[in-house]
Amino acid sequence: MTAGASTMADTGGALISPEKYEEKAFGFWIYLMSDAVIFALLFATYVVMLGNTAGGPTGKELFSLERAAGETALLLASSATFGFAAVAMARNERSRVVLWLLVTLGLGAGFLFLEFGEFAGMIAQGAGPQRSGFLSAFFTLVGTHGLHVSIGSLCIVVMIGQVLFKGLTAPVASRLARLGLFWHFLDIIWVAIFSVVYLPGVL
Amino acid sequence: MDIFGRLTIESLPFYSAIAASGAAITVLGALSVAGVITYFGAWRLVLFDWVSSIDHKKIGIMYIMVALVMLMRGFIDAAMMRSQQAIAYNNEGYLPPGHFDQIFSSHGTIMIFFMAMPFLSGLINLIMPQQIGSRDVAFPFMNSVSLWLTTAGAGLVLVSLVIGKFSTAGWTGYPPYSGAEFTPGVGVDYWLWAVLISGVGSTMSGINFLVTIIKCRGPGMTLFRMPLFTWTVFVTSVLMIFAFPALTVACGMLVLDRTLDMHFFTNELGGNMMNYINLFWLWGHPEVYILILPAFGVFSEVVAVFSQKRLFGYISLVLATMAIGILSFTVWLHHFFTMGSSANVNSFFGIMTTIIAVPTGVKVFDWLLTMFRGRLIFKAPMLYTIGFLVTFCIGGLSGVLLALPPVDYLMHNTTFLIAHFHNMIIPGVLFGYLAGYMFWFPKAFGFKLNEKWGVWSFWCWIIGFYLAFMPLYVLGLLGMPRRMEHYEIAAWQPHLIVAAIGALIIFFGIVCLGVQLAVSIRDRKQNLDLTGDPWNGRSLEWATSSPPAPYNFAVLPQVRGVDAWWDMKQRGVAYQRPDRYVDIVIPKNTFIGAFIGGTGFVFGFAMVWWIWWLAIACLAAIAIALIIRSSDDESDFVMPASQVKEIEDARFAQLAKAPKNEMADEPGFAGQPVPEAST
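Everything numeric in this text was worked out from a predicted model, so none of it was measured.

What counts, and at which threshold
Residues numbered from 1 in each chain as written. Chains lettered and ligands numbered in written order. Predicted model: local features only at pLDDT ≥ 70, side-chain atom pairs only at ≥ 80, totals over all residues. Heavy atoms only, no water. Helix = DSSP H or I, 4+ residues; strand = E, 2+ residues; numbered from the N terminus. Contact = heavy atoms within 4.5 Å. Lys, Arg positive; Asp, Glu negative; His and termini not counted. Charge placed at Lys NZ, Arg CZ, Asp CG, Glu CD. Salt bridge = Lys/Arg side-chain N within 4 Å of Asp/Glu carboxyl O. Buried < 20%, exposed > 50% of the residue type's maximum accessible area, 1.4 Å probe, protein only. Buried area = accessible area lost by both parts, 1.4 Å probe. Polar contact = N/O pair within 3.5 Å; in protein donor to acceptor, adjacent residues only side chain to side chain. Nonpolar A, V, L, I, M, F, W, Y, C, P; charged D, E, K, R; others polar. 1 Å grid on protein atoms, 1.4 Å probe; cavity = no way out; pocket = protein on both sides within 12 Å on 5 of 7 lines; lining within 4 Å. Points joined across faces, edges and corners; volume = space filled by probe spheres on them. Expected span 1.5 Å × (residues − 1). Patch = residues over 30% accessible without salt bridge, like charges linked within 9 Å, V, L, I, M, F, W, Y side chains within 5 Å. Areas by Shrake-Rupley, 256 points an atom, 1.4 Å probe, with all protein chains shown as cover. Axes fitted to C-alpha atoms, helices over the stretch in contact; angles between N-to-C directions. Parallel < 35°, antiparallel > 145°, perpendicular 65-115°, else oblique. Left-handed = near helix turned anticlockwise from the far one by under 90°. Core = buried A, V, L, I, M, F, W, Y, C linked by side-chain atoms within 4.5 Å.

## Re the overall build of chain B
So, point 1. Counting its regular elements, chain B contains 20 helices and two strands.
So, point 2. Of all intrachain contacts in chain B linking residues separated by at least 6 positions in sequence, the fraction that spans at least 24 positions is 83%.
So, point 3. Positive and negative side-chain charges of chain B, numbering 38 and 39 respectively, have mean locations separated by a distance of 10 Å.

## Thoughts on the pattern of salt bridges
Residue and element names in this part refer to chain B.
So, point 1. Enumeration over the complete set of coordinates arrives at 17 salt bridges over all chains.
So, point 2. Arg258 is the partner of Asp189 in a salt bridge, and the nearest nitrogen-oxygen pair spans 3.0 Å. With Asp189 in helix 6 (residues 187–215) and Arg258 in helix 7 (residues 228–260), the pair connects residues that are 69 residues apart, well separated along the chain. Arg258 matches Asp189 in its accessibility class, with the two residues each being buried.
So, point 3. The shortest N-O distance in the salt bridge between Arg571 and Asp567 comes to 3.1 Å.

## Quick word on the interface of chain A and chain B
How large an interface is tends to be reported as the accessible area lost when its parts come together.
So, point 1. The partner chain B presents 40 residues to the 38 residues of chain A that form the contact.
So, point 2. Roughly 3,100 Å² is buried in total at the junction of chain A and chain B, and carbon and sulfur atoms are behind 68% of that figure.
So, point 3. Counting across the chain A and chain B interface gives three salt bridges.
So, point 4. The salt bridge partner of Arg175(A) is Asp633(B), with a shortest N-O separation of 2.6 Å.
So, point 5. Counting across the interface, chain A meets chain B through 13 residue pairs in polar contact (both at pLDDT 80 or more).
So, point 6. Put simply, the parts of the chain that give the side of chain A that touches chain B at least two residues each are helix 2 (18–48), helix 6 (133–166) and helix 7 (170–202) of chain A.
So, point 7. Residues of the side of chain A that touches chain B, tallied by class, amount to 18 nonpolar, 13 polar and seven charged.

## Here's the deal with empty space enclosed by the protein
Residue and element names in this part refer to chain B.
So, point 1. Evaluation of the coordinates by the stated rule reveals four cavities of 30 Å³ or more.
So, point 2. Of the volumes computed, that of the largest cavity is approximately 180 Å³.
So, point 3. Residue lining of the largest cavity: 19 residues in total, with Pro227, Leu228, Glu301, Val562 and Asp563 positioned closest to the centre.
So, point 4. In the lining of the largest cavity, the residues fall into eleven nonpolar, three polar and five charged.
So, point 5. Along its surface, the second largest cavity is lined by Ala380, Pro381, Met438, Pro442, Lys448, Leu449, Asn450, Glu451, Gln516 and Trp535.
So, point 6. Along the lines of polarity and charge, the residues of the lining of the second largest cavity split into six nonpolar, two polar and two charged.

## Some words on helix 18 (residues 592–608) of chain B
All names here are of chain B.
So, point 1. The end-to-end C-alpha separation of helix 18 is 24 Å, in line with the 24 Å expected for 17 residues at 1.5 Å each.
So, point 2. For helix 18, the buried fraction is high: 13 of the 17 residues fall into the buried class.
So, point 3. Where helix 18 terminates, the next one or two residues include Trp610, which has phi positive at roughly 60 degrees.

## Remarks on a nonpolar patch on the surface
So, point 1. Among the surface-exposed residues, Phe312(B), Phe365(B), Leu368(B), Leu369(B) and Phe372(B) lie close enough to one another that they form a single nonpolar patch of about 480 Å² accessible area.
So, point 2. Among the structural elements, Phe372(B) can be located in the loop between helix 11 (357–371) and helix 12 (380–402).

## Examining the packing of helix 14 (residues 415–445) of chain B against helix 15 (residues 451–477) of chain B
All names here are of chain B.
So, point 1. Following both chains from N to C, one finds helix 14 and helix 15 inclined at 170 degrees, their axes separated by 8 Å at the closest point. With respect to helix 15, the axis of helix 14 lies roughly antiparallel. Crossing of helix 14 over helix 15 shows left-handed handedness.
So, point 2. Grouping the amino acids of the contact of helix 14 with helix 15 by side-chain chemistry returns 18 nonpolar, seven polar and no charged.

## Some thoughts on the nonpolar core
So, point 1. Judged by nonpolar contacts, the single largest core of 243 residues is most densely connected at Phe138(A), Tyr198(A), Trp367(B) and Trp461(B).
So, point 2. If one sorts the elements of this core by residue count, helix 8 (residues 273–307) of chain B sits on top with 21 residues.
So, point 3. Excluding anything up to four places from it in sequence, Trp461(B) contacts Tyr384(B), Ile426(B), Leu430(B), Phe431(B), Leu434(B), Ile506(B), Gly509(B), Ile510(B) and Leu513(B).
So, point 4. In terms of nonpolar packing, the next biggest core, distinct from the first, is built from eleven residues, Tyr551(B), Ala554(B), Ile584(B) and Met639(B) among them.

## Notes on unusual backbone geometry
Residues and elements named next belong to chain B.
So, point 1. That bond from Pro175 to Pro176 is cis: its omega, 5 degrees, falls within 30 degrees of zero.
So, point 2. With respect to the element layout, Pro176 can be found in the loop between helix 5 (140–159) and helix 6.
So, point 3. The omega torsion of the bond from Ser546 to Pro547 falls at -10 degrees, within 30 degrees of zero and hence cis.
So, point 4. Structurally, the position occupied by Pro547 is in the loop between helix 16 (493–522) and helix 17 (564–571).
So, point 5. Although it is not a glycine, Asp261 adopts a positive phi angle of roughly 60 degrees.
So, point 6. Among the secondary structure elements, Asp261 is positioned in the loop between helix 7 and helix 8.
So, point 7. Given a relative accessible area of 47%, Asp261 falls into the partly exposed group.
So, point 8. Phi at Asn536 takes a positive value of approximately 60 degrees, unusual for a residue other than glycine.
So, point 9. Residue position: Asn536 is located in the loop between helix 16 and helix 17.

Honestly, it's all geometry; don't read function into it.
Next up, the structure:
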């Protein structure tokens with residue numbers, strides 16, 4: 001991922017050697033593994049608490065596969081568009097990078113909009129996280145993912161700013177590469193959420 | 001909704017004389033530190049050379065300062081508990097139950113999270129990069145953030161003494177008692193946010209140390225040439241990265257239960273409190289090894305240096321460390337055998353727990369065999385090591401007893417358990433860190449600690465330890481539960497009085513540590529470490545000057561095997577002046593790490609007291625600080641070769657004046673390695 005960064009001629013004023021970017025990328029991979037453990041435990045808790053509905057609504061009554069499919073489509077597409085941004089970065093095409101990042105941001109916002117609507121709808125029907133252990137686990141698992149997507153979106157905004165004002169220098173390219181890792185990671189987590197939460201939930 | 005959340009004037013501790021005096025001591029302590037800094041006119045130094053520093057050595061020293069302060073606070077808690085139990089036979093003693101409960105909760109929380117964790121992070125920061133021939137850790141700025149987040153957590157525990165109360169739910173915070181239904185106040189929230197905020201710091205430290213070891217080793221420093229301390233750090237870092245998320249998840253869910261009325265661990269509406277205990281110990285057991293492995297590393301370094309011979313069984317020690325690291329994730333259920341899992345599940349975890357004693361035993365034999373036919377020098381760190389070896393074996397054997405589920409059913413939550421884990425953690429962890437503190441102090445400050453007071457501290461600690469904890473084994477067998485505020489069984493009292501006397505002797509041990517530090521600072525001119533190698537060391541941290549230059553090594557040393565520095569001395573290439581110096585890139589100081597820590601502290605405080613606007617403002621401030629930092633491409637500066645040469649010339653001038661060997665007068669000293677060329 002950082003190969004592009006290390007060959008970048010423009011260091012943007014940074015003094016560190018190219019190997020440093022590799023260290024950063026490696027450290028970020030380790031962070032993602034640690035974060036994956038957080039999600040693993042949230043998944044485990046969710047599965048354990050599936051039956052703890054306390055007489056409240058179950059997944060079958062609450063989840064809509066159409067909405068979940070829409071969310072999935074938006075997030076998967078955003079991963080592809082981030083990939084296009086990475087390709088444009090490798091080709092040093094600054095305006096294309098910004099364009100694809102904007103598209104990614106739009107898709108991410110669409111995902112968050114759908115998820116927010118789902119949460120609001122459930123809370124409105126009295127199926128909020130306070131209703132049962134099952135719903136606490138559901139909102140926490142899916143909400144933690146949503147929080148990650150929100151933070152990722154904020155980072156995309158920051159990176160659009162950096163690309164516009166600093167150009168595709170080595171440090172900017174290296175940050176963008178790590179943000180890409182984060183974004184794809186969230187995609188993988190979402191695929192797991194879809195397969196563990198929504199699909200068995202409605203079947 | 002009030003702008004101060006649930007914070008009112010009644011939160012100040014004027015309801016009890018003891019609580020008020022605790023608060024007064026905390027406030028006076030903070031004021032006197034500020035006073036001393038002002039008196040010496042040292043604010044500029046403190047702020048610009050230390051608080052904003054992202055040099056791993058200074059960060060290490062600051063971590064250890066936090067640890068020593070918190071050690072005193074944690075010990076005061078212990079002394080109050082021991083004195084209460086010594087007198088509370090058939091009467092109430094001097095501590096009301098609510099207060100006693102806060103004290104045992106804060107004692108455990110402080111000793112684990114804010115004494116042991118900062119102490120180990122400090123030693124690692126100070127030494128590990130030097131041992132692998134590196135100029136810094138991989139992420140110096142993140143290192144500073146970790147330090148200040150840990151400090152923020154410690155600050156929250158201290159502030160709970162002044163504003164509001166601390167948790168009464170023990171250091172493990174088991175629900176449903178720790179839930180909002182049974183413990184509605186702010187105490188558990190203080191505990192949760194202190195643990196969560198410092199836990200983020202620890203996770204980042206783990207990532208930082210691991211990447212440093214994997215990516216930043218000097219030329220020739222292959223993995224199997226690394227000193228054993230670095231190996232233990234490697235495994236500890238892996239454990240931090242994979243275990244701390246469990247603590248974050250468990251505590252995060254308890255926060256959600258308490259503040260947003262969710263039902264993860266409540267009695268009703270589908271809560272499952274056993275899941276908390278499961279998640280907590282999924283972190284908690286690896287945490288034991290996170291604490292103890294670096295101490296094992298210290299013992300390995302100390303025992304080789306003061307036996308004046310190569311560490312016995314290097315490979316087996318490395319493999320044992322890795323085995324412990326893996327097995328540490330397979331034993332957590334032994335903390336709750338009494339939950340009532342099936343006999344098969346309990347047996348599995350019982351067997352795994354006894355198996356983990358095997359690699360630990362391998363280590364003990366390796367250390368013993370290192371001493372065998374060595375020429376031992378009984379400096380204070382070596383005394384701590386020998387004290388550890390003897391005492392730790394007793395604790396280990398009582399652990400193997402507790403690993404048997406039927407025995408555990410009898411011993412669960414008795415003082416036998418308390419005796420067991422203190423028997424592991426005081427000699428295993430604390431003695432290791434104290435040995436490391438005395439061993440590496442000259443490296444950090446350029447002068448040695450007073451030996452006599454160090455030896456005294458050791459004898460007080462070890463005698464005090466036996467007196468304080470052996471009676472607890474007996475009490476456990478007599479059926480005394482842990483956390484008793486008062487009791488009506490006459491047979492318990494004599495043992496508790498002996499235990500209190502033990503605590504008093506440990507207190508003298510702490511006094512000795514303080515006197516040692518004061519005397520050593522007073523007499524520093526006589527005890528200067530001019531060579532940077534005060535003990536005739538074996539690994540690369542002794543190749544740098546004491547204290548080391550900002551870049552550690554002007555020229556990165558070439559490593560050829562285990563005991564790299566010893567090998568360099570043998571080859572006659574130690575202290576060799578290089579032909580020329582080059583420019584060195586060094587990160588600039590920054591206040592952003594301290595700002596994030598300080599804001600993290602205010603954020604935790606706001607979350608404890610439900611001051612939502614303030615919490616949101618703090619999060620926004622942290623986000624802005626991070627964005628500013630991440631947009632700064634000029635966070636380093638170049639130290640020109642001429643300046644490096646100046647620093648190194650001063651070092652060589654000092655070396656010329658220094659005795660050839662600082663250990664030469666030591667009885668039993670076997671001599672320095674002789675360069676091969678001259679033999």
